[in-house]
Amino acid sequence: MHRGSGTPGIERLDAAFAGPAFAPHRHDTYAIGMTLRGVQTFRYRGAQRYCMAGEGHVLHPDEMHDGAAGTAEGFHYRILYIDPALVQDALGGQPLPFVPDPVIGRGHMQRLFALGLSDIDQELDELGSLDLMLEVVRLLRRHAGIPPAAPAALALPALARVRDLIAADPSLRRAAAELERVAGLDRWTLARQFRSAFGTSPSHFRTMRQLDKVRALLRGGMELAAAATEAGFADQSHMSRMFKRAYGLAPAQWRNAQA
């Protein structure tokens, strides 16, 4: 088992097992994971469940379950443990969603995996955690059979102020409280409306502006490590992962293609 980087209320784990893995137990968090290899099986609410590679699973807080490999090859998975208080905060007072069928089919977990499980050692900052939690809530509501809420009117001037503040210096990691003050909106409303208005989250908008800065610095002849630092990335490897995820090329490949 490998425990990744977390943040208050969010834990991330990568694990592989063969044979029986867990005795019956329960925990007071949501457990939301994806099987990466093999077959994971567990008994949950009176039935034996099977989660294949590429499928996800959602376990409600305080529900008894066990865990084992469904075949001799064992299984490998990654999982988020989410404090229900964070879910409740994002819901704004609505009841916690209950997902009756814990196995989530292929195709429904990609965005959550990309936001929270693709690289569990990458630091989760405040804005990244907001983005992840909104996706967690969307997934829970959808698979609990709760219809989407009617969209609210967008506070476009407030959202534009936040966008302009981030774009002015994307190398700065701004606290969610600062963005709330600028917008005059709570962080959940701000994150939802920002995506509706501009097609992406505040966190990803900042990352793309950081990458704009990296490209400008590379065109000016700066070395990769220095460009990563100047743009506010944790290090060169972090910048390189984000760059390739955005453009499909490693930074050095992109720089050489420009030349």
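Residues numbered from 1 in each chain as written. Predicted model: local features only at pLDDT ≥ 70, side-chain atom pairs only at ≥ 80, totals over all residues. Heavy atoms only, no water.

Student: So what about the pairing of strand β5 (residues 47-52)? Which residues, and what values?
Tutor: Strand direction decides the pairing type here: strand β4 (residues 30-44) and β5, joined by 6 bridges, are antiparallel. Bridged to Y44 within β5 is A47. Where β4 folds back onto β5 in an antiparallel hairpin, the turn is made up of 2 residues, including R45, whose phi is positive at roughly 50 degrees. (Pairing = 2+ DSSP bridges. Helix = DSSP H or I, 4+ residues; strand = E, 2+ residues; numbered from the N terminus.)

Student: How would you explain the packing of aromatic side chains if you had to name every residue and give the values?
Tutor: Applying the stated criterion across every chain yields a total of 8 aromatic pairs. Measuring from ring centre to ring centre gives 6.3 Å for F42 and Y44, while their planes differ by 75 degrees; the resulting arrangement is edge-to-face. Seen from their ring centres, F75 and Y77 are 5.6 Å apart, and the 25 degrees between their planes marks the pair as stacked. By relative accessible area, F75 is classed as buried at 0%. By relative accessible area, which is 2% here, Y77 ends up buried. The ring centre of F205 lies 4.8 Å from the NZ or CZ of R209, which sits over that ring. (Phe/Tyr/Trp six-rings, centres within 6.5 Å; stacked < 30°, edge-to-face > 60°. Buried < 20%, exposed > 50% of the residue type's maximum accessible area, 1.4 Å probe, protein only. Lys NZ or Arg CZ within 6 Å of the ring centre and 35° of its normal.)

Student: How would you explain the pairing of strand β8 (residues 75-82) if you had to name every residue and give the values?
Tutor: Burial within β8 is extensive, with 8 of its 8 residues counted as buried. Neither face of β8 is left uncovered, since the one carrying F75, Y77, I79 and Y81 and the one carrying H76, R78, L80 and I82 both have all their residues buried. Looking at chain direction, strand β2 (residues 10-17) and β8 are connected through 8 bridges and run antiparallel. Looking at the pairing, A15 lines up with Y77 of β8. Summarising the sheet, β4 and β8 pair through 8 bridges and their orientation is antiparallel. From the neighbouring strand, M34 faces β8, where its bridge partner is R78.

Student: Run through the nonpolar core, naming residues and quoting values.
Tutor: I32, V58, V87, L112, V136 and L140 are the most contacted members of the largest nonpolar core, which totals 41 residues. For this core, the secondary-structure elements that each account for two or more residues are β4, β8, α1 (84-91), α2 (110-117), α3 (126-143), α4 (156-168), α5 (176-183) and α6 (187-198). Per element, the largest residue contribution to this core is 9 residues, and it comes from α3. Contacts of V58, omitting those with residues within four sequence positions, involve Y30, A31, I32, Y44, V99, P102, I104, L139 and L140. The next biggest cluster of nonpolar side chains, apart from the first, holds 14 residues, and it includes M208, L218, L224 and A228. (Core = buried A, V, L, I, M, F, W, Y, C linked by side-chain atoms within 4.5 Å. Contact = heavy atoms within 4.5 Å.)

Student: Please set out the layout of surface pockets residue by residue, giving values where relevant.
Tutor: Taken as a whole, the largest pocket spans an internal volume of roughly 850 Å³. Residue lining of the largest pocket: 29 residues in total, with L134, R138, A149, R192 and S196 positioned closest to the centre. Of all the secondary structure elements, the ones that give two or more residues to the lining of the largest pocket are α1, α3 and α6. Tallied by class, residues from the lining of the largest pocket come to 14 nonpolar, 6 polar and 9 charged. Within this model, the second largest pocket holds a volume of roughly 710 Å³. What lines the second largest pocket is a set of 33 residues, and nearest its centre among them are Q122, S203, T207, M242 and R245. For the lining of the second largest pocket, the secondary-structure elements that each account for two or more residues are α2, α3, α7 (202-219) and α9 (236-247). A per-element tally of the lining of the second largest pocket places α7 first, with 7 residues. (1 Å grid on protein atoms, 1.4 Å probe; cavity = no way out; pocket = protein on both sides within 12 Å on 5 of 7 lines; lining within 4 Å. Points joined across faces, edges and corners; volume = space filled by probe spheres on them. Nonpolar A, V, L, I, M, F, W, Y, C, P; charged D, E, K, R; others polar.)

Student: Quick one: what's the story with empty space enclosed by the protein, residue by residue and with numbers?
Tutor: The tally for this structure, following the rule as stated, stands at 2 cavities of 30 Å³ or more. Volume-wise, the largest cavity comes out at about 70 Å³. Put simply, the parts of the chain that give the lining of the largest cavity at least two residues each are α3, α5, α6 and α7. Residue composition of the lining of the largest cavity, grouped by class: 7 nonpolar, 2 polar and 2 charged. In this structure, the second largest cavity is lined by L127, I166, D169, P170, L172, R173, R174 and R206. Class assignment for the residues of the lining of the second largest cavity results in 4 nonpolar, no polar and 4 charged.

Student: Tell me about the packing of α3 against α6, and please be specific about residues and values.
Tutor: At a closest axis distance of 10 Å, the pairing of α3 and α6 adopts a crossing angle of 75 degrees. It follows from the interaxial angle that α3 and α6 lie roughly perpendicular. Touching E126, L130, D131, M133 and L134 of α3 are R187, W188, A191, R192 and R195, all from α6. (Axes fitted to C-alpha atoms, helices over the stretch in contact; angles between N-to-C directions. Parallel < 35°, antiparallel > 145°, perpendicular 65-115°, else oblique.)

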